[in-house]
Amino acid sequence: GLEDPSLAALAAYGEEIGVVFQLSDDIIDIASDTSGKTPGTDLRAGVPTLPTLLARASVDPADARLLELLDSDLDSDADLAEALGLMRAHSAMADARAEITRRAEIARGYLAPLPDGEAKAALSALCDAVISRSS
């Protein structure tokens, strides 16, 4: 029973929060040992994620070893552990978290035209939850 502008707002919110959730998952793959997900699965598979794309953009000579590892197959557990350690310490992680926060706020902004109430509050809280899960 919603009007078209409200439906469009919810569709935009859904698209954006879905992206934010995936970006958050990308960080968890690197940062978390307690998520239930094996750390480094995406790294080992060579999946381009926001943190690795940001790290790959580095021209800092200090990142040479990390870039070498990211370009390798990471079949070795030792190489994967080293890559995870270097990624966890890299500024790309903070930059990725900042992007998640920025995009979660965009998603929250799509809720503005909706009437206040429990549903809107729950959708807004989801933005906070997705930000928190990437920390």
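Residues numbered from 1 in each chain as written. Predicted model: local features only at pLDDT ≥ 70, side-chain atom pairs only at ≥ 80, totals over all residues. Heavy atoms only, no water.

K.L.:
Kindly report on helix α5 (residues 77-89), identifying the contributing residues and their values.
P.N.:
Taking 1.5 Å of rise per residue, the 13 residues of α5 would be expected to cover 18 Å, and the 18 Å separating its terminal C-alpha atoms lies within 8% of that figure. Taken as a whole, α5 has its buried residues at L80, A83, L84 and M87. Take α5 and look down its axis: the buried residues cluster within an arc of 100°, on one side only. Exposed positions of α5 whose direction lies more than 90 degrees from the buried face are A78 and A89. Tucked into the core, α5 has its buried residues touching α1 (4-31), α2 (41-45), α3 (50-56), α4 (64-70) and α6 (91-110). For α5, the side-chain oxygen to backbone nitrogen distance between the N-cap and A78 is 3.2 Å, and the N-cap itself is S76. (Helix = DSSP H or I, 4+ residues; strand = E, 2+ residues; numbered from the N terminus. Expected span 1.5 Å × (residues − 1). Buried < 20%, exposed > 50% of the residue type's maximum accessible area, 1.4 Å probe, protein only. Arc of directions from axis to C-beta. Contact = heavy atoms within 4.5 Å. Polar contact = N/O pair within 3.5 Å; in protein donor to acceptor, adjacent residues only side chain to side chain.)

K.L.:
Outline the packing of aromatic side chains, listing residues and values.
P.N.:
A complete count under the given rule lists 0 aromatic pairs for this structure. Its guanidinium or amino end placed over the ring of F21, R133 lies 3.9 Å from that ring's centre, counting from NZ or CZ. (Phe/Tyr/Trp six-rings, centres within 6.5 Å; stacked < 30°, edge-to-face > 60°. Lys NZ or Arg CZ within 6 Å of the ring centre and 35° of its normal.)

K.L.:
Provide a residue-level description of the pattern of salt bridges, including the pertinent values.
P.N.:
Counted according to the given criterion, the structure contains 11 salt bridges. One salt bridge connects R108 with D128, and the closest N-O pair in it is separated by 2.7 Å. Of this pair, R108 sits in helix α6 while D128 sits in helix α7 (residues 118-133), placing them 20 residues apart in sequence. Here D128 falls in the partly exposed class, since its relative accessible area comes to 39%. A salt bridge links K120 to D116, with the nearest nitrogen and oxygen atoms 3.2 Å apart. For K120, a relative accessible area of 18% gives the class buried. A residue is classified by how much of its surface remains accessible, and D116, at 71% relative accessible area, is exposed. A single network of salt bridges, built from pairs that share partners, joins R65, E68, D79 and E82. (Salt bridge = Lys/Arg side-chain N within 4 Å of Asp/Glu carboxyl O.)

K.L.:
Help me get a handle on the environment of L123, residues and values and all.
P.N.:
You can see L123 is positioned in helix α7. Considering only alpha carbons, one finds L123 and G40, 83 residues apart in sequence, at a separation of 30 Å. With sequence-adjacent residues up to four places away left out, L123 is seen in contact with L10, Y13 and L111.

K.L.:
Quick one: what's the story with the packing of α1 against α7, residue by residue and with numbers?
P.N.:
Any two packed helices are characterised by how steeply their axes cross, that is the angle between the axes, and by the distance between the axes. Running from N to C, α1 and α7 point in directions that differ by 15°, and their axes come no closer than 9 Å. On the basis of the axis angle, α1 is roughly parallel to α7. Handedness of the α1/α7 crossing: left-handed. Of the residues in α7, those touching α1 at L10, Y13, I17, V20, F21, S24, D25 and I28 are L123, L126, C127, V130 and R133. In terms of residue class, the contact of α1 with α7 is made up of 10 nonpolar, 1 polar and 2 charged. (Axes fitted to C-alpha atoms, helices over the stretch in contact; angles between N-to-C directions. Parallel < 35°, antiparallel > 145°, perpendicular 65-115°, else oblique. Left-handed = near helix turned anticlockwise from the far one by under 90°. Nonpolar A, V, L, I, M, F, W, Y, C, P; charged D, E, K, R; others polar.)

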